[in-house]
Amino acid sequence: MTERPMLEVEHASVSFGGLRALKDVSIQAQECRVTALIGPNGAGKSTLLGAVSGFTRLDEGRVTFRGQDITGMRPHEGIGVGLARTFQDLEVMQRLTVAENVLLGFPHQPAERISRLLFTPWVANREHRRNVQRTVDLLHHVGLLERADTLASDLSYGEQKLLVVARLLATGADMLMLDEPGAGLPDVNLHQIGSVLREAVADGKTVLLVDHNMDLIMNYADHVTVLHHGQVIASGTPAQIQADQSVIDVYFSRSHTTEEATDAS
Ligand code: ADP
Ligand code: MG
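Because the structure is predicted, anything quoted here is derived from the model rather than measured.

J.: What exactly am I supposed to notice about the site of ligand 1 here?
T.: Around ligand 1 sit Phe 16, Leu 19, Ala 21, Pro 40, Asn 41, Gly 42, Ala 43, Gly 44, Lys 45, Ser 46 and Thr 47, and that is every residue in its neighbourhood. Contacts to ligand 1 include Gly 42, whose backbone N or O atom sits 2.7 Å from an oxygen atom. A distance of 3.2 Å separates an oxygen atom of ligand 1 from a polar backbone atom of Ala 43. Sorting the residues of the shell around ligand 1 by element identifies strand 2 (19–29) and helix 1 (45–53) as the ones contributing at least two each. A per-element tally of the shell around ligand 1 places helix 1 first, with three residues. For the shell around ligand 1, a count of residues per class yields five nonpolar, five polar and one charged.

J.: Even after reading the chapter, I still don't get the side chain of Lys 45, so can you show me in this structure?
T.: Within the secondary structure layout, Lys 45 lies in helix 1. Buried charge Lys 45 goes without a salt bridge, the closest partner of opposite sign being Glu 180 at 4.3 Å. Among the polar contacts made by the side chain of Lys 45, one reaches the main-chain carbonyl oxygen of Gly 39 at a distance of 2.9 Å.

J.: I'm lost on the environment of Ala 84 in this one. Help?
T.: Among the secondary structure elements, Ala 84 is positioned in strand 6 (residues 83–85). It is 5.8 Å that separates the C-alpha atoms of Ala 84 and Ala 173, two residues lying 89 residues apart in sequence. Contact partners of Ala 84, with chain neighbours within four places excluded, come to Ile 79, Leu 168, Thr 171, Ala 173, Met 175, Leu 176 and Met 177.

J.: Help me out: how do you make sense of helix 1 in this one?
T.: Residues separated by three or four positions in an α-helix point in the same direction, a consequence of the helix having 3.6 residues per turn. The buried fraction of helix 1 is high, at eight of nine residues. Looking only at helix 1, the buried set comprises Lys 45, Thr 47, Leu 48, Leu 49, Gly 50, Ala 51, Val 52 and Ser 53. Among the residues trailing helix 1, Gly 54 stands out with phi positive, at a value near 90 degrees.

J.: What is the right way to read empty space enclosed by the protein from this model?
T.: Vacant regions in the atomic arrangement are exposed by a probe of water-molecule size rolled over the atoms. Inspection of every chain in the model, using the stated rule, returns one cavity of 30 Å³ or more. Space inside the largest cavity adds up to approximately 60 Å³. Lining of the largest cavity is provided by twelve residues; of these, Thr 86, Phe 87, Lys 161, Val 164 and Pro 181 occupy positions nearest its centre. Mapped by element, the contributors of at least two residues to the lining of the largest cavity are helix 6 (157–170) and strand 7 (175–179). Looking at the lining of the largest cavity, the element that brings in the most residues is helix 6, giving three residues. Class assignment of the residues belonging to the lining of the largest cavity gives a composition of six nonpolar, one polar and five charged.

The rules behind each value
- Residues numbered from 1 in each chain as written.
- Chains lettered and ligands numbered in written order.
- Predicted model: local features only at pLDDT ≥ 70, side-chain atom pairs only at ≥ 80, totals over all residues.
- Heavy atoms only, no water.
- Near = heavy atom within 4 Å.
- Polar contact = N/O pair within 3.5 Å; in protein donor to acceptor, adjacent residues only side chain to side chain.
- Helix = DSSP H or I, 4+ residues; strand = E, 2+ residues; numbered from the N terminus.
- Nonpolar A, V, L, I, M, F, W, Y, C, P; charged D, E, K, R; others polar.
- Buried < 20%, exposed > 50% of the residue type's maximum accessible area, 1.4 Å probe, protein only.
- Lys, Arg positive; Asp, Glu negative; His and termini not counted.
- Salt bridge = Lys/Arg side-chain N within 4 Å of Asp/Glu carboxyl O.
- Contact = heavy atoms within 4.5 Å.
- 1 Å grid on protein atoms, 1.4 Å probe; cavity = no way out; pocket = protein on both sides within 12 Å on 5 of 7 lines; lining within 4 Å.
- Points joined across faces, edges and corners; volume = space filled by probe spheres on them.

Shown next as structure tokens:
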């Protein structure tokens, strides 16, 4: 008997003009697990996250979340169904403080509903106070509490990546998708992110983690799927993936992992 996956992508294909970024890709993410998606640059990882979160249209295939068909969902509908993601590029508001950046993550900001502010301001105030308390908890959780009132632009790159994770958690979504949270991070921040993701999973979250960093994947993922040239070439536990000859051929044996390099060689 297998657990029903929280997220299922079946036979997904995406083309950009003549380029087939995803070719018949199927992946699953089990509930309360960290599922990693790895592969060289240009393999189609971000395209897959885009297809799940509604940013990229599928040419073919289906996305199911908690048994519900969400194929073709619009990006703004993600939080409503319980899906949240981060982007590969840092999306920190540089001129806001650390705490303000996290506050932006909460859904249903009081100001979104002007009528509530006008007619029941005490409810909006109560929500705001609750979000501030949650922000303190989240910043403590990712180790940035003492930086709460610092401008985001004054954080190190690693701290900004942690801030993005705190804001992702603020969404309250059950399914968290991260696009290269570990890219370019020093080890200390990498392990902080890994631990925060493990704690999130222990807390009932489901994680889909796209990353290049083998330390992060091998230490913190439960299951790994490998994409190469838009196709799944392997799927298994971190140990199985490390021992998989096709993965070793395209991935581990390369000191640099760009698809361009693959093509040129
Ligand atoms: P990864 O995240 O694994 O590095 P991507 O999903 O970003 O790979 O890209 C997969 C392929 O699709 C690459 O060849 C990339 O250049 C191409 N691609 C991605 N997004 C677009 C787009 N919006 N328009 C055209 N080509 C794109
Ligand atoms: Mg990418």
